[in-house]
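Per-entry structural report
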Amino acid sequence: MPGKKLLTTTAAASLLAIGFMNPAFAETLRFWTTEEQPERLAKQEELAAAFKEKTGIEVNVIPVTESELGTRATAAFAAGDLPDVIYHTLQYVLPWAEAGILDTEASNEVLDALDTATFAPGALAMASYEGGHAAVPVDGWTQMIVYRKDLFDEKGLEAPTSYGAILKAVEALHNPPEMYAFVAATKIDENFMSQVLEHVFLANGVSPVDENGFKPLDEKKTIEALEFYKAIAKASPPGELFWKQSRELYFAGKAAMIIWSPFILDELAGLRDSAPPTINDDPTSKELASKTDVVTQFSGPSNPQGAAWADIRYFGITNDADTDAAIDFVKFSMDEGYLSTLSIAPEGKFPVRRGDGSDPQKFVKGWAELPVGVDRKAPLTELYGEETIAKIVGGLEKANRWGVNEGQLSLASKIVNSQVINRLVREYIDDQRDAAETVARLNEELAKIQ
């Protein structure tokens, strides 16, 4: 694919030669990233330096606050001044492709060169666009059921991979106040409750959107999801619960199951002083990590294949880019520089590209050896078993979110952000109405969101 900033053949050859002889004359790419913390920026600048050393192309790493990314991109597009490459969240993939911000052909050229078969299918599916892909998946994480495997083993319980298995564990392990079987999210104004509920609904095949927009919730499937959520909420402590209490209770050894992001993995192993395990007197102890396992994908009775709720990040090559150079930078970042890309925050950046032609698991193996932690460092392979690490990464195989496959992510996001589902589910948990009436109220209120 030709670059968008065209030069005559002679001039291009001359400049290329000058650039490699004298880096001061090399072309420069602008790269916007939402990873703006100082340590993470430094690692991205190291990656850019390695790319320059190889190609002579300089990369200007520009931090952009995630909440401002949408408005900044829209303004830059209107001014014809987009950066060459943007590291961005899932929510922008399809809208930016449709608006003309992203050069989808360039992304497909990258993916073809790297081989789409080496990428997690779920991460690719979320970027599907006009027979190809709108952006290149970089990394992601899946929400997890974190559970006490030692307690499950003692009671002969199967792993919590389904509504049914979780409810059996609730019955066997719930013994308050010494042990709560679950810590479900019940604080309606917390995004944590929105994420957990979407995961629970996805697990049973429940979605409020289809290709045409809002779709009334299926009554049978939704009642099953509501009854399940009420059961785990009743097996939780009283009060307004969100991520804070779930982590505290699990760390204290008073919860058998919680739902959390993978950013808990290093904390579980005593590597972060600000969030230490309190299960014993040693805040640096790895005891709790050794007793913990995870599930990233679980199922409801109406959806046996289950689902994983995932957050995926992408490289978008823009329509204002120096296309050839941008393609080379993204390929470098996803191939020989990929472990450096993941090292920015390994505990929350699972590899969406598994390996290459030499080893189909090359990047998974390398990622598992990257050090995680804040105040102390250790690779995940020292903290968790091989099977657990495989499950952590495997959730991206079937990663999903409401509205992605249907092309309705914008509407689905509005539905989630309205917190209507949180509020009505909480009222159902508090016995203010029955499940069937709750489904009717949900459909009535969600239909008003445009």
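Rules behind the numbers
- Residues numbered from 1 in each chain as written.
- Predicted model: local features only at pLDDT ≥ 70, side-chain atom pairs only at ≥ 80, totals over all residues.
- Heavy atoms only, no water.
- Helix = DSSP H or I, 4+ residues; strand = E, 2+ residues; numbered from the N terminus.
- Rg over C-alpha atoms; globule rule 2.2 N^0.38 Å.
- Buried < 20%, exposed > 50% of the residue type's maximum accessible area, 1.4 Å probe, protein only.
- Contact = heavy atoms within 4.5 Å.
- Areas by Shrake-Rupley, 256 points an atom, 1.4 Å probe, with all protein chains shown as cover.
- Lys, Arg positive; Asp, Glu negative; His and termini not counted.
- Charge placed at Lys NZ, Arg CZ, Asp CG, Glu CD.
- Salt bridge = Lys/Arg side-chain N within 4 Å of Asp/Glu carboxyl O.
- pLDDT = per-residue confidence, 0-100.
- Pairing = 2+ DSSP bridges.
- Axes fitted to C-alpha atoms, helices over the stretch in contact; angles between N-to-C directions.
- 1 Å grid on protein atoms, 1.4 Å probe; cavity = no way out; pocket = protein on both sides within 12 Å on 5 of 7 lines; lining within 4 Å.
- Points joined across faces, edges and corners; volume = space filled by probe spheres on them.
- Nonpolar A, V, L, I, M, F, W, Y, C, P; charged D, E, K, R; others polar.
- Parallel < 35°, antiparallel > 145°, perpendicular 65-115°, else oblique.
- Left-handed = near helix turned anticlockwise from the far one by under 90°.

Moving on to the overall build of the protein chain. Per the secondary structure count, the protein chain includes 21 helices and 17 strands. Radius of gyration (C-alpha) of the protein chain: 23 Å, near the 22 Å computed for a compact globule of 450 residues. Its C-alpha atoms give the protein chain principal-axis dimensions of roughly 75 × 50 × 35 Å. Sorting the 450 residues of the protein chain into buried and exposed places 58% on the buried side. A separation threshold of at least 6 residues defines the contact pool for the protein chain, and within that pool the share at least 24 residues apart is 75%. In the structure as shown, the protein chain presents an accessible area of about 18400 Å², 50% of it carried by carbon and sulfur atoms. Within the protein chain, the 68 negative side-chain charges are centred at a point lying 3 Å from the centre of the 42 positive side-chain charges.

With the rule as written, the count across this model stands at 31 salt bridges. Between Glu58 and Lys52 there is a salt bridge whose closest N-O contact spans 3.5 Å. On the basis of relative accessible area, Glu58 is assigned to the partly exposed category, the value being 36%. Of the charged contacts, one joins Arg376 and Asp273 as a salt bridge, the two residues approaching to 2.5 Å between their closest N and O atoms. Here the residue Arg376 occupies a position in the loop between β15 (371–372) and β16 (378–379), and Asp273 occupies one in the loop between α12 (265–268) and α13 (287–290), the gap between them amounting to 103 residues. By relative accessible area, Arg376 is classed as partly exposed at 27%. Members of the salt-bridge network, linked through shared partners, are Glu35, Arg40, Asp139 and Lys349.

The subject of this paragraph is unusual backbone geometry. Pro177 follows Pro176 through a cis peptide bond whose omega is 0°. As for its placement among the helices and strands, Pro177 is situated in the loop between α8 (163–173) and α9 (191–203).

Further remarks concern the confidence of the model for the protein chain. Of all residues in the protein chain, 94% have pLDDT values of 70 or greater, and the mean over the chain is 93. Low confidence marks residues 1–26, where pLDDT is under 50. Its contacts with residues over four positions away, or in another chain, come to 29 contacts.

This brings us to the sheet that holds strand β10 (residues 257–260). Strand order across the open sheet formed by three strands is β10-β7-β11, with antiparallel pairing between neighbours. Two strands bound the open sheet, and with one partner strand each, they are β10 and β11 (292–295). Taking the axes of each pair of neighbouring strands and ignoring which way they run, one obtains an average angle of 30° across the sheet. Across four bridges, the pairing between strand β7 (residues 144–148) and β11 is antiparallel. Residue Tyr147 lies in a different strand from β11, and its bridge partner there is Asp293.

On inspection of all chains with the given rule, the structure shows two cavities of 30 Å³ or more. If you add up the space inside the largest cavity, you get close to 60 Å³. What lines the largest cavity is Phe31, Glu35, Gln44, Leu47, Tyr87, Asp139, Phe315, Thr341, Ile344 and Lys349. Taken together, the residues of the lining of the largest cavity break down into five nonpolar, two polar and three charged.

The next subject is the packing of α9 against helix α10 (residues 219–234). Packing of α9 against α10 brings their axes to within 9 Å, and their N-to-C directions diverge by 130°. On the basis of their axis angle, the class for α9 and α10 is oblique. For the element pair α9 and α10, the recorded crossing hand is right-handed. Between α9 and α10, the residues in contact are Val196, Leu197, Val200 and Phe201 and Thr222, Ala225, Leu226, Phe228 and Tyr229, respectively.

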